[in-house]
Amino acid sequence: MKKRKFKISDILFGLFILLLLVPQTRKPIQVALNSLKVIVWTPSALAEEYQTQIAPFDYQLATVDGAETSISIGKGKVTFISYWATWCPPCIAELPSIQKLYNDYGNQVDFVLITDESVEKVKAFLAKKQYELPVFISRMPAPTMLSEPSIPTNYLVDQNGKIVIKEKGASDWNSKKVREVLDGLLK
């Protein structure tokens, strides 16, 4: 019987697995891994035949300050919709790129970041991360065309209600490719 020698890579892999099992280290590791994905993955426009049309509607929402509001979707303005949560590592990883995109396009595009979490938790998260994003709590079920079981799921909807980009998972929303799509829609 041959005696097995452990390599450094075996020990490091075992340590990595162990760290993933510990709740205090799991989330930071998952965020870091998703941040690597954000570096290499950028959404792109769907091919014309895969762009679905949603009927224009008013999304019933509440701000994190408690004000009831509605945002028109598909009624003349480009809209970026994000379904996310503060506990979601891929969401956390992509939010910096969404913040940068919002900083540059927030006056031309409706940004609608939707979560179902408590207002207190969301406010604390936004303050800690120093985000200035338009975050809302939904006051209605998501329309079927915008309903996905996984988060983050993000949509870029044109002025007429056509879903131009649909992306699940962490992505770089501040990429040249996304900016080109936005610039084309805003012409």
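It should be emphasised that the depicted structure is a prediction, and the values quoted were computed from it without experimental measurement.

A.B. asks: Looking at this model, I keep getting lost on the overall build of the protein chain. Mind explaining?
C.D. replies: Within the protein chain, the secondary structure is distributed over five helices and seven strands. Reported as C-alpha extents along the three principal axes, the dimensions of the protein chain are approximately 70 × 40 × 30 Å. Across the 187 residues that make up the protein chain, the buried fraction comes to 42%. Approximately 10,700 Å² of the protein chain is accessible, and the part contributed by carbon and sulfur atoms is 58%.

A.B. asks: Which parts of the structure should I look at to understand the nonpolar core?
C.D. replies: Side chains that are nonpolar tend, in soluble globular proteins, to be buried together. Trp 84, Leu 95, Leu 113, Val 135, Leu 156 and Leu 182 are the most contacted members of the largest nonpolar core, which totals 30 residues. At the level of elements, helix H3 (89-105), strand E4 (110-115), helix H4 (119-129), strand E7 (163-168) and helix H5 (176-185) are the ones that each hand at least two residues to this core. The dominant element in this core, judged by the number of residues it contributes, is H3, at six residues. Sequence-distant contacts of Trp 84, defined by excluding residues within four places in its chain, comprise Cys 91, Leu 95, Leu 113, Ile 114, Thr 115, Val 122, Phe 125, Val 135 and Ile 151.

A.B. asks: Any chance you could explain the packing of aromatic side chains here in plain terms?
C.D. replies: Each aromatic ring pair is specified by the distance between its two centres and by the angle formed by the two planes. Here the structure, examined in full by the defined rule, presents seven aromatic pairs. Measuring from ring centre to ring centre gives 5.4 Å for Phe 57 and Tyr 59, while their planes differ by 55°; the resulting arrangement is tilted. Across the pair, exposure class does not vary: Phe 57 and Tyr 59 are buried alike. On the numbers, 5.2 Å between centres and 80° between planes, the contact of Tyr 102 with Phe 111 is edge-to-face. An aromatic cluster of three or more residues is present, and its members are Phe 80, Tyr 102, Phe 111 and Trp 173.

A.B. asks: For this particular structure, what's the right way to read the pairing of strand E2 (residues 68-73)?
C.D. replies: Along any regular strand, the residues point their side chains to alternate faces of the sheet. As paired elements, strand E1 (residues 57-63) and E2 share six bridges and run antiparallel to each other. Looking at the pairing, Tyr 59 lines up with Ile 71 of E2. Hairpin connection between E1 and E2: a loop of four residues separates the two successive antiparallel strands, and Gly 66 in this loop has a positive phi of roughly 95°.

A.B. asks: Would you take a moment to explain unusual backbone geometry for this structure?
C.D. replies: Outside of glycine, negative phi angles account for most residues, and trans bonds account for most peptide bonds. Looking along the chain, the bond that leaves Ile 151 and enters Pro 152 is cis, with omega of -5°. With respect to the secondary-structure elements, Pro 152 resides in the loop between strand E5 (135-138) and strand E6 (153-157). One non-glycine residue, Gln 130, lies in the positive phi region at around 60°.

A.B. asks: Explanation requested: the packing of helix H2 (residues 23-40) against H3 in the structure shown.
C.D. replies: Packed helix pairs are specified by the crossing angle of their axes together with the interaxial distance, meaning the distance between the axes. Contact pair H2 / H3: the axes reach a minimum separation of 8 Å and the direction vectors enclose 50°. Judged on the interaxial angle alone, H3 and H2 are oblique. Crossing angle aside, the handedness with which H2 passes H3 is right-handed. Counting all contacts with H2, which are made through Lys 27, Gln 30, Val 31, Asn 34, Ser 35 and Val 38, the residues of H3 involved are Pro 89, Pro 90, Ile 92, Ala 93 and Glu 94. Taken together, the residues of the contact of H2 with H3 break down into six nonpolar, three polar and two charged.

A.B. asks: Looking at this structure, I do not really get the pairing of E1. What am I missing?
C.D. replies: Bridge count for E1 against E5 is three bridges, and the pairing is antiparallel. Of the residues in E5, the one forming a bridge with Leu 61 is Ser 138.

Procedures and definitions
Residues numbered from 1 in each chain as written. Predicted model: local features only at pLDDT ≥ 70, side-chain atom pairs only at ≥ 80, totals over all residues. Heavy atoms only, no water. Helix = DSSP H or I, 4+ residues; strand = E, 2+ residues; numbered from the N terminus. Buried < 20%, exposed > 50% of the residue type's maximum accessible area, 1.4 Å probe, protein only. Areas by Shrake-Rupley, 256 points an atom, 1.4 Å probe, with all protein chains shown as cover. Core = buried A, V, L, I, M, F, W, Y, C linked by side-chain atoms within 4.5 Å. Contact = heavy atoms within 4.5 Å. Phe/Tyr/Trp six-rings, centres within 6.5 Å; stacked < 30°, edge-to-face > 60°. Pairing = 2+ DSSP bridges. Axes fitted to C-alpha atoms, helices over the stretch in contact; angles between N-to-C directions. Parallel < 35°, antiparallel > 145°, perpendicular 65-115°, else oblique. Left-handed = near helix turned anticlockwise from the far one by under 90°. Nonpolar A, V, L, I, M, F, W, Y, C, P; charged D, E, K, R; others polar.

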